[in-house]
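This is what each chain is made of:
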Amino acid sequence: MSGADGQMVQMESSKAGFVGSQVELPCQFVNSNPPVKISQVTWQKLVNGTKQNVAIANPALGVSVLNPFRERVRFKNPAVRQRTPSLEDTTIVFNRLKLTDESTYICEYTTFPAGNRENMVNLTVFARPMIQMSLSTPSIVAGSKDLKMTVATCVSANGKPASVITWETDLDGESNTQEISNPDGTVTVRSDYLVVPSREIHQQLLTCISTYNDEQYTDSVTLNIQYEPEVIIEGFDGNWYLNRENVQLTCLADANPTISLYQWRYLNGTLPSSAELRDDVLIFKGPVTYDIAGTYVCDATNSIGSGSASVEVIVTEFPSYPHEVFQDQQQAGVVIGGAVVCGTVLLAAVTLLVVFLYRRRCMFKGDYSTKKQILGNGYSKAGNVPSHPSLPHSLTFSDDSDEEKKLELYRGSSILGGSVQEFHTCHDSRIKAYRTGLIEEHERCAFNEQTYIYEYGSEVEVSVDMIPQMDGSVISKEEWYV
């Protein structure tokens, strides 16, 4: 606050701290020029409209801190406590802050001749709450009715300001929250979580989240729900037949707390002599007979109650399905199926390879550099046949020759026409010689394999260097095949 002559008391408008902590309340005096004389500085607490002195600094009389602040309040600047004090900075420090310290504080400067100058600060005291979460009772018993009950409680005690409590869980329950104001200005928040206790929520996690200002605190509990046994019997697979070995019945119980007693009963009378009791297991010694057929009951008991289950055992003369044979057949089927798949893949691969090689052989076209032989279908085949004596040497043409003229020349040659008939005659004889072993016939025809003309569609194939093969094809010895 400024005076008329330029004096000013500088303070912050508000300060805050937590219970038990330390907080400073700054206060500085800005003097005028020429300066005025500071006669005294007084700190006061405003309580219900009344000023209560806290601390006083006087240049002549020294420093005084009044009750109930004497043990917790001091002037921060050491110069204030000197013999010749400096009172321009009279900041005070609160230690071990209490909730009752929350108030408005006034810093008042008495000057001469300017009079009094003052300013004020609002002190807020916060209290962190104590968070506690607990089960409503150590053990909760599941009821037979769908009635909700409190299973857990979360408390945020003595907080200032009040906390906000929420729940995090997968349970289908609800919360009930209430706030309690305490005499010291703090607030206690209590939140109960209600759910229908059942075996399904046993061992479920329940988490309480308490939000205080911008801080979050979490605490969790695991529900302990006690319930009576739920029983089932395992072991009878519907295939108990005469002379079957190693059969037994097992009593399985879901319960909390654990089962304390198992009891077996045979509704058709007393237990068969071959039945042996071993707590939750009923073992039948020796091979299966008709004597063990009937209805068996297992009773399981814990501290909450009892539960029962029954099974009717039927004995047949023969097995309804042989497990071992079925498993062997299943394994054999897997092996056979795998072999069939592998064989099919392999056969397909071989077939593709044969087709590829055959097409490559049939589709290869010869090229004899600058000259080429006129072949009716455009294909060249290897061979080693001497030239026909009557075949004109002019049948070899250059690459730029007219193909139509070449074909007309060959078609009009009586010599070539006779060679065709001779070739087919000798070719058939050669195959016959090969198959019957008549080598002489083969050798006789070999001398006539000088040239041939083979009709293939509308084209003519001519070669002077061909060897007929056993499969009806001819091969040129001037070509290389892969």
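Residues numbered from 1 in each chain as written. Predicted model: local features only at pLDDT ≥ 70, side-chain atom pairs only at ≥ 80, totals over all residues. Heavy atoms only, no water.

J.: Account for the overall build of the chain, naming residues and giving values.
T.: Assigned secondary structure in the chain consists of four helices and 34 strands. Out of the 482 residues in the chain, the part that is buried amounts to 37%. For the chain, contacts bridging at least 24 residues in sequence account for 62% of all contacts bridging at least 6. Surface exposure of the chain reaches about 28,400 Å², of which carbon and sulfur atoms provide 53%. (Helix = DSSP H or I, 4+ residues; strand = E, 2+ residues; numbered from the N terminus. Buried < 20%, exposed > 50% of the residue type's maximum accessible area, 1.4 Å probe, protein only. Contact = heavy atoms within 4.5 Å. Areas by Shrake-Rupley, 256 points an atom, 1.4 Å probe, with all protein chains shown as cover.)

J.: If you had to explain the nonpolar core to someone new, which residues and values would you point to?
T.: In this structure, Leu 25, Trp 43, Phe 94, Tyr 105 and Tyr 109 are the most contacted members of the largest nonpolar core, which totals 30 residues. Ranked by size, the runner-up nonpolar core spans 23 residues in total, among them Val 247, Phe 284, Ile 292 and Tyr 296. (Core = buried A, V, L, I, M, F, W, Y, C linked by side-chain atoms within 4.5 Å.)

J.: For the packing of aromatic side chains, give the residues involved together with the corresponding values.
T.: Applying the stated criterion to the full structure yields nine aromatic pairs. Ring centres 5.6 Å apart and planes at 50° place the aromatic pair Phe 18 and Phe 126 in the tilted group. Of the two residues, Phe 18 is situated in strand β2 (residues 14-18) and Phe 126 in strand β11 (residues 115-126); the sequence distance between them amounts to 108 residues. Looking at Phe 18, the relative accessible area reads 21%, which means it is partly exposed. Assessed through its relative accessible area of 25%, Phe 126 is described here as partly exposed. When the ring of Trp 167 is compared with that of Tyr 193, the centres are 5.4 Å apart and the planes differ by 50°; the resulting orientation is tilted. One end of the pair, Trp 167, is in strand β15 (residues 164-168); the other, Tyr 193, is in strand β17 (residues 187-195), with 26 residues separating them in the sequence. Looking at Tyr 193, the relative accessible area reads 4%, which means it is buried. (Phe/Tyr/Trp six-rings, centres within 6.5 Å; stacked < 30°, edge-to-face > 60°.)

J.: Please provide a residue-by-residue account of the sheet that holds strand β27 (residues 306-313), values included.
T.: An order of β23-β26-β27 is seen for the three strands of this open sheet, with the pairing classed as antiparallel. Looking at which strands have only one partner, the edges of the open sheet turn out to be β23 (261-266) and β27. Neighbour-to-neighbour, the strand axes of this sheet turn through a mean angle of 20°, independent of strand direction. As paired elements, strand β26 (residues 294-301) and β27 share eight bridges and run antiparallel to each other. Residue Asp 299 lies in a different strand from β27, and its bridge partner there is Ser 308. (Pairing = 2+ DSSP bridges. Axes fitted to C-alpha atoms, helices over the stretch in contact; angles between N-to-C directions.)

J.: Go over the state of the cysteines, please, and point to the residues and values.
T.: Summed over all chains, the structure comprises three disulfides. Between Cys 154 and Cys 208 runs a disulfide, and the two sulfur atoms are separated by 1.8 Å. Handedness of the Cys 154-Cys 208 disulfide follows from its S-S torsion of about -65°: it is left-handed. Here Cys 154 is found in strand β14 (residues 149-159), whereas its partner Cys 208 is found in strand β18 (residues 205-212), with 54 residues between them in sequence. (Disulfide = S-S within 2.5 Å.)

J.: Go over the side chain of Thr 250, please, and point to the residues and values.
T.: Its place among the elements puts Thr 250 in strand β22 (residues 247-256). The class for Thr 250 is buried, based on a relative accessible area of 17%. For Thr 250, the residues in contact, after removing those within four places along its chain, are Ile 232, Ile 233, Glu 234, Trp 264, Asp 280 and Val 281.

J.: Please give an account of the pairing of strand β6 (residues 50-58) that cites residues and values.
T.: Inspection of the sheet shows strand β5 (residues 37-47) paired to β6 by seven bridges, in the antiparallel sense. By the bridge assignment, Thr 42 is partnered in β6 with Ile 56. Taking the residues between adjacent antiparallel strands as the criterion, β5 and β6 are bridged by two residues, where Asn 48 takes a positive phi near 50°. With four bridges connecting them, β6 and strand β7 (residues 62-65) associate as antiparallel partners. For Ala 57, the partnering residue across the bridge sits in β7 and is Val 63. As consecutive antiparallel partners, β6 and β7 are separated by three residues.

J.: Hey, could you go over the side chain of Asp 101 for me, with residue numbers and the actual values?
T.: Along the chain, Asp 101 turns up in the loop between β9 (92-94) and β10 (103-112). In terms of polar contacts, Asp 101 uses its side chain to reach the side chain of Arg 72, at 2.7 Å. With residues up to four places along the chain from it excluded, the contact list for Asp 101 reads Lys 45, Phe 69, Arg 72, Phe 94, Arg 96, Leu 123 and Val 125. (Polar contact = N/O pair within 3.5 Å; in protein donor to acceptor, adjacent residues only side chain to side chain.)

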